[in-house]
Amino acid sequence: MNPFDKRNSSVRALLLCLALVAVCYANSIANAFILDDILIVAANERIRHVQPFHFLFQPYWGDLNHLGIYRPLTIFSFSVEYSMWQLWTAGFRITNLLLHALNGWLVYLIVQGLLRSPLAALASAAVYVIHPVQTEAVVSIVGRSELLAAALFFTAWLAFRKGRTAWSVAAYFFAALAKESAITFPAVVMLEVALTGSFQKLKESWRRFILLAATGTGYLALRFYVLGGLGIPPKGQYLNGTLTLLQRWMTSGRVFIQYFRLLLAPVTVTGDYDFNSIPIARPGDWDAWLGLALVLGSIVTAALFRKRRPAVALGILYFFVALLPVSNWIMPIALLMAERFLYTPVFGFALLAGAAWSAIPDLRLRRLVASGTVAVAVLLCISHNYIWQDTLTFHENAVRIVPNNARARLGYGFVLLRMNKADQAKAQFEAGLRIMPQSAPLMAGLARTMMRIDNSCDRVRPLLARAFSIEPGHWQSLWALGDCFRIEGKTEQAEQSYRLAIQNSDFPDAELLSSWAQLLETMDKTPAAIAAYERAALIAPADERLKNKLRQLRDAR
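Keep in mind that what you see is a predicted model, and the values were worked out from it rather than measured.

Turning our attention to the state of the cysteines. Enumeration over the complete set of coordinates arrives at one disulfide. Paired by a disulfide, Cys457 and Cys484 hold their sulfur atoms 2.1 Å apart. Residues Cys457 and Cys484 are joined through a disulfide that is left-handed, its torsion about the S-S bond being -115°. Of this pair, Cys457 sits in the loop between α21 (440-454) and α22 (460-470) while Cys484 is found in helix α23 (residues 475-487), placing the two residues 27 residues apart along the sequence.

Take a look at the structure:
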């Protein structure tokens, strides 16, 4: 087969997607585990064994703190990869890049069927692949949930369009197991049939829609069985579920302004929009109303184009339907917004961009627009990849872009503390507490910093008391308390605090395990110390200190 033969446009589209992904994301392959990558992959002992049916009945975050998230297919994929390359980050990330290229190709196939134009489809695929807002989903390893769900979502769509209902149903079910937001698939295909077909065609497809609805219901039943509920529990919701429906809807106006900015001008990205990156909106906030007006205007525009350009109407409405599960409109979730939430919805934008570009009559202008867009997008993607290089670069960028982000201050503080920059870490924790005064993690971070500065616990105890009053059993506070007991020579109490901290965390920190192991050594509990060091080494395989310590203890036995 000659891929350059004009008859093989599908093959050429796949090669183009692979080439664009390579150019855009090659510099991200060597990036380290950061943020949730550390918890879900590096520190997750559950993925050390390939157990597909076991994962089917486990929450995403573990039994202690599931936070209403259920993604067994994603966890299964990590377990399969761990069996191949352990904690080699490049392996996980290359898989992400290949999935992203595959998704670009699937976009090409869908758009070609919608617009009947290989040229427009190629443009849509290119926009989808190189759009800089996709960086978080592609470069962060845990973005796998977005990539897998999108791949299966698009596959289900293609199968539905070709009349292969059984394949569509299967792909839809697995897409939901990869990420819950894929639940909107039946609404998308109904929308397509309603817009691009006739009422008669919509009526004739009712059996197929019933099968999809039954599949979605089956997924929800399984989710309910594992999690004990369908939504996010109050503990896992944004601000612990204290937002009213009116506040969620008003604040979504501000969120959509950010989403529109990211679609049209993704010059700056942060990857984290935690409290108070987007302030909670009230009925008197004009910018919230502006965002809601833009949403309404977009939907009205889609209605106006419904008969003349049904594909344009589909692109607009698809964007909002795909975002519905994470919009906070129906039920509250853990975040107000995230760049990764746009991964599947960007298809709608790519469809509109492909249609608009192919409609440019002047060939030279079309080439100029294409070359300029690709050049700018590639440069932005490459630069955004550096943000995800490690935890330091990520949190530095987040604090710079959104100074009121309490979680960014927390993460940056811990990074600085690990770099022995206690004074700078103290400034970050204090800034975070000014934003979010009742945060147990920030108090625990400040407590550990004060201990490092003072080499005593005089100023630490009051902070820990406040942290425990807010969140009893908080594992980072227990860790700090264990350090205090250790400084004071209270070995038994220190060991107990460390053990409780580890038990109360689904994904223990390697440094915490190392501290516990060192204490166990002093207590002549060598087998337990070796076991703790081994767990720490699994989480931080590049730490030579852990390897040397294990070697010494094993030789001594």
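This brings us to unusual backbone geometry. Phe275 connects to Asn276 through a cis peptide bond whose omega is 0°. With respect to the element layout, Asn276 can be found in the loop between α13 (245-264) and α14 (286-305). In this model, Asp524 sits at a positive phi of 60°, which is unusual for a non-glycine residue. Inspection of the secondary structure puts Asp524 in the loop between α25 (510-522) and α26 (526-539). Given a relative accessible area of 69%, Asp524 falls into the exposed group.

On to a nonpolar patch on the surface, then. A contiguous nonpolar patch, built from Leu15, Leu18, Trp88, Ile94 and Leu98 and spanning about 460 Å² of accessible area, is present on the exposed surface. Those elements giving two or more residues to the nonpolar patch turn out to be α1 (9-25) and α5 (89-115). In this fold, Leu18 is placed in helix α1. The class of Leu18 is partly exposed, set by a relative accessible area of 35%.

A word on the nonpolar core. One finds Phe154, Trp157 and Phe347 to be the most contacted residues of the largest nonpolar core, which totals 178 residues. Here the element with the most residues in this core is helix α8 (residues 144-161); it accounts for 12 residues. Not counting residues within four places of it along the chain, the set of residues in contact with Phe347 comprises Val107, Ile110, Val111, Leu114, Tyr128, Phe154, Trp157 and Tyr318.

With that settled, the discussion passes to α8. Its 18 residues give α8 an end-to-end C-alpha distance of 26 Å, which sits within 8% of 26 Å, the value for a rise of 1.5 Å per residue. Buried residues dominate α8, accounting for 16 of its 18 residues. Positive backbone phi, approximately 80°, marks Gly163, located one or two places after α8.

Now for the confidence of the model for the chain. Note that predicted coordinates carrying low pLDDT should not be read in detail. Put simply, the chain has an average pLDDT of 92, and 97% of its residues get 70 or more. Here residues 1-5 is a poorly scored stretch, pLDDT under 50, and it has nine contacts once near neighbours within four places are set aside; other chains count.

With that out of the way, let us pick up the pattern of salt bridges. Evaluated as defined, the whole model comprises 25 salt bridges. When the shortest N-O distance is used, the salt bridge between Arg144 and Glu81 registers 2.3 Å. Taken together, the residues span a long stretch of sequence, with Arg144 in helix α8 and Glu81 in helix α4 (residues 72-85) at a distance of 63 residues. Just as Arg144 is buried, Glu81 falls in that class too. For Glu495, the salt bridge goes to Arg499, with nearest N and O atoms at 3.1 Å. With Glu495 and Arg499 both in helix α24 (residues 491-503) and four residues apart, this pair spans about one turn of that helix. When salt bridges that share partners are traced, they join Arg418, Arg448, Asp483, Asp509 and Glu511 into one network.

The subject of this paragraph is the side chain of Ser9. If you trace the backbone, Ser9 turns up in helix α1. Ser9 gets classed as buried once you look at its relative accessible area, which sits at 18%. Here Ser9 is in contact with Tyr108 and Gln112, once residues within four sequence places are set aside.

Basis of the calculations
Each residue is numbered by its place in its chain's sequence as written, counting from 1. The predicted origin of the model limits local features to residues at a pLDDT of at least 70 and limits the giving and counting of side-chain atom pairs to 80 or more, whereas totals for whole chains, interfaces and linings rest on all residues. Heavy atoms throughout the structure, all of them, feed into the side-chain values; hydrogens and water do not. In plain terms, two cysteine sulfur atoms within 2.5 Å form what is called a disulfide here. Runs of H or I in DSSP of at least four residues are treated as helices and runs of E of at least two as strands, each being numbered from the N terminus. Buried residues are those whose accessible area, probed at 1.4 Å on protein chains only, stays under 20% of the maximum for their type, while exposed residues exceed 50% and partly exposed ones sit between those limits. What goes into a patch is any residue over 30% in relative accessible area without a salt bridge, connected to like charges within 9 Å or, for nonpolar side chains (Val, Leu, Ile, Met, Phe, Trp, Tyr), within 5 Å. Residue exposure ignores everything except the shown protein chains as possible cover, and the areas themselves are Shrake-Rupley values with a 1.4 Å probe. What counts as a salt bridge is simple: a side-chain nitrogen of Lys or Arg found within 4 Å of a carboxyl oxygen of Asp or Glu. Throughout, nonpolar core names a set of buried Ala, Val, Leu, Ile, Met, Phe, Trp, Tyr and Cys residues whose side chains join them through atoms within 4.5 Å. When checking whether two residues touch, look at their non-hydrogen atoms; a contact exists if any pair is within 4.5 Å. The length a helix should cover is 1.5 Å for every residue beyond the first. One number per residue, pLDDT, summarises how confident the predictor is, and it ranges from 0 to 100.

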